[in-house]
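Results of the structural survey
Chain by chain, the residues:
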Amino acid sequence: MNEVNHLSKTRWFNWLKLSSPSTFYPVAGKLIPIFWILTAIFGIAGLWVSFFVAPVDAVQGQGYRIIFIHVPASWMSMFLYLVMAAWAGLGLVFNTRLSAMMAQALAPVGAWMAFLSLWTGAFWGKPMWGAWWVWDARLTSELILLFLYLGFIALQASIDNPRRADKAGAILALVGVVNVPIIYFSVKWWNTLHQGASVSVTKAPAMAQTMLWGMLLMALCFWMYSIAVGLMRVRAIILEREAHADWVRQLSEVKI
Amino acid sequence: MNAMFAIITRDLLLVMRRKSEVLTALFFFVVVTSLFPLGIGADPALLRKIAPGVIWVAALLSTLLGLHRMFAADYQDGTLEQLVLSPQPLVLLVAGKIIAHWLVCGLPLVILAPIIGIQFDLDVDSLYVLMASLLLGTPVLSLLGSIGAALTLGLRGGSVLMSLLILPLYVPVLIFGAGAVYANSVGLNISGHISLLGALLILALAFVPWVSAAAIKIAIE
C-alpha cells in the first residue's frame, strides 16, 4: 500500500515538474521537431489523398477540394479556443505561470486558423454559391470567433504587467467560451443557408470514404502544426518572461 | 442590499452633478439614428425596414460611450479600492454600479426610442415591441459591458479596446432585439424573441456581477 502511494506520488511529482518553465523549456524543444515531422507526414499523405485519390464531387466538381483545408482549419479554430480557455482557466485557478503562457501562445494560432477558415470559405463560396461572403450562421459565428481571438490578443498586449494580463485574458477567454454557443445559436436562428454539416458523429457522413480520409489526415496535420507552433511560441514567451532567471542566461541559444 | 442602494444613489447623484456626460451619450444616439435617413434616402418603406437594426446598433454604440465611466473615475481616485476592501460583498456593489449605469444610459434609450421610431415611420405596434425589446436588452448591454469596463481599467486606449472586447458579445442581444421588431413588422409571433431576450437577461444577471467583481479585483491587485 505504502509502495503504491509512493509510486503515484513520484509520478504525480514528475507531471507537476513539467509545469515549471525551466523543465518545460528543454522538453518542448525536443518535442518540436517530432511534431514538425508529423505535420509533414500527415500533410503530404493528406494532400496526396485529397488531390489524387479522392474522387471528383458529383455536384461541386474539383472546387470542392478546398474543404480539405477549410474544414480542418474551422475545426482547429474552434477547438483551439476551447483549449486556450482551458489553459487560461487552469492558470486562473491554480495560479500556474506556464498555463497562462500556453493560452497566450495558442491565441495567435487560433486566430490564424479562424482567418484561414474564413479565407478558404470565401474561395469556396464564390464558385458554389456565387458570392464571396454570405451572412449565414456558420460564417458569421466564425467571424465573431475571430473577433474574440483578436480581443483576447489585444487585451493581453495592452496590459504591461504579465500577471494581470494573464488573469484578465483568462476571464475574457472564459466569458468567450460561455458566449460562443450562445452566439452560434443566435446567429443560426437569425438566418441559415449554409449547407448542413458534412461530417457528423450521429449520422453516417454524406461523403465518399476517401474524401473522409483526406479530411481526417489533413485535420491531423493541422493538429500537429498547431502543437508545433504553439510549443515554439510558448518557448519564446518563456524566454521573454524568464529573461531574468539564471537558467535562461545559461542556455546555449541565449549566451553570446 | 443597503450598500447596493447606497452605491446606486451615489452614482446617480454624481451623474446629476455632471449631466453633460450622460446627455452626450443620448445626443449621440439621436444624431446617429438621424444620420441614416440622410445617408440612405427618405423612402419610408426602406426606413421602416432598417429602423430596428439602426436603432439597436445606435443603442449598442451609445451604451459603449457611457461604459468607460462605470469604474474608471472610481479607479483613478481610489474609491474602487476602498469598495473592494469594504466588508460589503463586492458583487452587490458592482451590481449597484451596473444598475446605476443602466438607469442613466439604458433607460433613457428605451424612452427615446419611440421618438426615433416615429422618425423611421414605424407603426404604434412596432414601437411597443421596440420599447419592450430595448427594456429587456439594454440591461444585458450594461451587464456585459461592465466586464469590459472592469478588464480594461487603467489601460492605454482602454475605451477603444473595450469596444473590441465587448461588441462581439453583444451580437445575440442585437439579433433578438432587432429581430423582435422585424418579426412583428412582418406579422410573425414575437414571443420567441422576447423570451430569448429575457433568458439572456436572467443569465447575465446571474453570472456577470461575479465576473466583473473578479475582473475588478484583478485590476486592483
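Residues numbered from 1 in each chain as written. Chains lettered and ligands numbered in written order. Predicted model: local features only at pLDDT ≥ 70, side-chain atom pairs only at ≥ 80, totals over all residues.

1. Thoughts on the overall build of chain A
Of regular secondary structure, chain A possesses eight helices and zero strands. Going from the N terminus to the C terminus, chain A shows its helices and strands as α-α-α-α-α-α-α-α. Buried positions account for 36% of the 256 residues belonging to chain A. Within chain A, residue pairs in contact and separated by at least 24 positions form 78% of the contacts whose partners lie at least 6 positions apart. (Helix = DSSP H or I, 4+ residues; strand = E, 2+ residues; numbered from the N terminus. Buried ≥ 20, exposed ≤ 12 C-beta atoms within 10 Å, placed from the backbone. Contact = placed C-beta atoms within 7 Å.)

2. So, the overall build of chain B
Regarding its fold elements, chain B presents nine helices and zero strands. Over its C-alpha trace chain B gives a radius of gyration of 18 Å, about what one expects of a compact globule, namely 17 Å for 221 residues. Once local pairs closer than 6 in sequence are excluded, the contacts in chain B between residues at least 24 apart make up 81%. (Rg over C-alpha atoms; globule rule 2.2 N^0.38 Å.)

3. Remarks on the nonpolar core
Among the nonpolar cores identified, the biggest contains 141 residues, and A:Met84, A:Ala103, A:Ile171, B:Leu144, B:Tyr170 and B:Ala215 are the most heavily contacted of them. Per-element accounting of this core gives the leading share, 15 residues, to helix H5 (residues 90-119) of chain B. Leave out the neighbours within four places in its chain, and B:Ala215 touches A:Ala168, A:Ile171, B:Ile147, B:Ala150 and B:Leu151. (Core = buried A, V, L, I, M, F, W, Y, C linked by C-beta atoms within 7 Å.)

4. Some remarks on the confidence of the model for chain B
Residues and elements named next belong to chain B. Per-residue confidence for chain B averages 89 on the pLDDT scale, and 100% of its residues sit at or above 70. When mean pLDDT is taken per element in chain B, helix H6 (residues 124-151) scores highest with 93 and helix H7 (residues 158-166) scores lowest with 87. ipTM for the predicted complex: 0.86, alongside a pTM of 0.86. (pLDDT = per-residue confidence, 0-100.)

5. Quick notes on the interface of chain A and chain B
Listed by partner, the interface residues are 21 residues for chain A and 19 residues for chain B. For the side of chain A that touches chain B, the secondary-structure elements that each account for two or more residues are helix H5 (137-158) and helix H6 (162-190) of chain A. It is H6(A) that contributes the most residues to the side of chain A that touches chain B, 12 residues altogether. Looking at the side of chain A that touches chain B residue by residue, the class counts come to 15 nonpolar, four polar and two charged. (Nonpolar A, V, L, I, M, F, W, Y, C, P; charged D, E, K, R; others polar.)

6. Focus on unusual backbone geometry
Even without being glycine, A:Asn95 reaches a positive phi, approximately 60 degrees. Note that A:Asn95 resides in the loop between helix H3 (67-94) and helix H4 (97-129). Despite not being glycine, B:Asp121 has its phi angle at roughly 65 degrees, a positive value. By the secondary structure assignment, B:Asp121 is in the loop between H5 and H6.

7. Examining the environment of B:Ala6
Along the chain, the position of B:Ala6 falls in helix H1 (residues 2-17). With 91 residues separating them along the chain, B:Ala6 and B:Lys97 place their C-alpha atoms 9.9 Å apart.

8. Focus: the environment of B:Leu143
With respect to the secondary-structure elements, B:Leu143 resides in helix H6. A sequence separation of 61 residues divides B:Leu143 from B:Gln82, and the C-alpha atoms of the two residues are 22 Å apart.

9. A few points about helix H8 (residues 171-185) of chain B
Residue and element names in this part refer to chain B. The first and last C-alpha atoms of H8 sit 21 Å apart over 15 residues, in line with the 21 Å expected at 1.5 Å per residue. Along H8, the helix axis deviates most sharply at Gly179, where the bend reaches about 25 degrees. Where burial is concerned, most of H8 is hidden: 13 out of the 15 residues are buried. Two residues or fewer past H8, Gly187 is found with a positive phi of approximately 85 degrees. (Expected span 1.5 Å × (residues − 1). Bend = angle between axes of the 7 residues up to and from the residue.)

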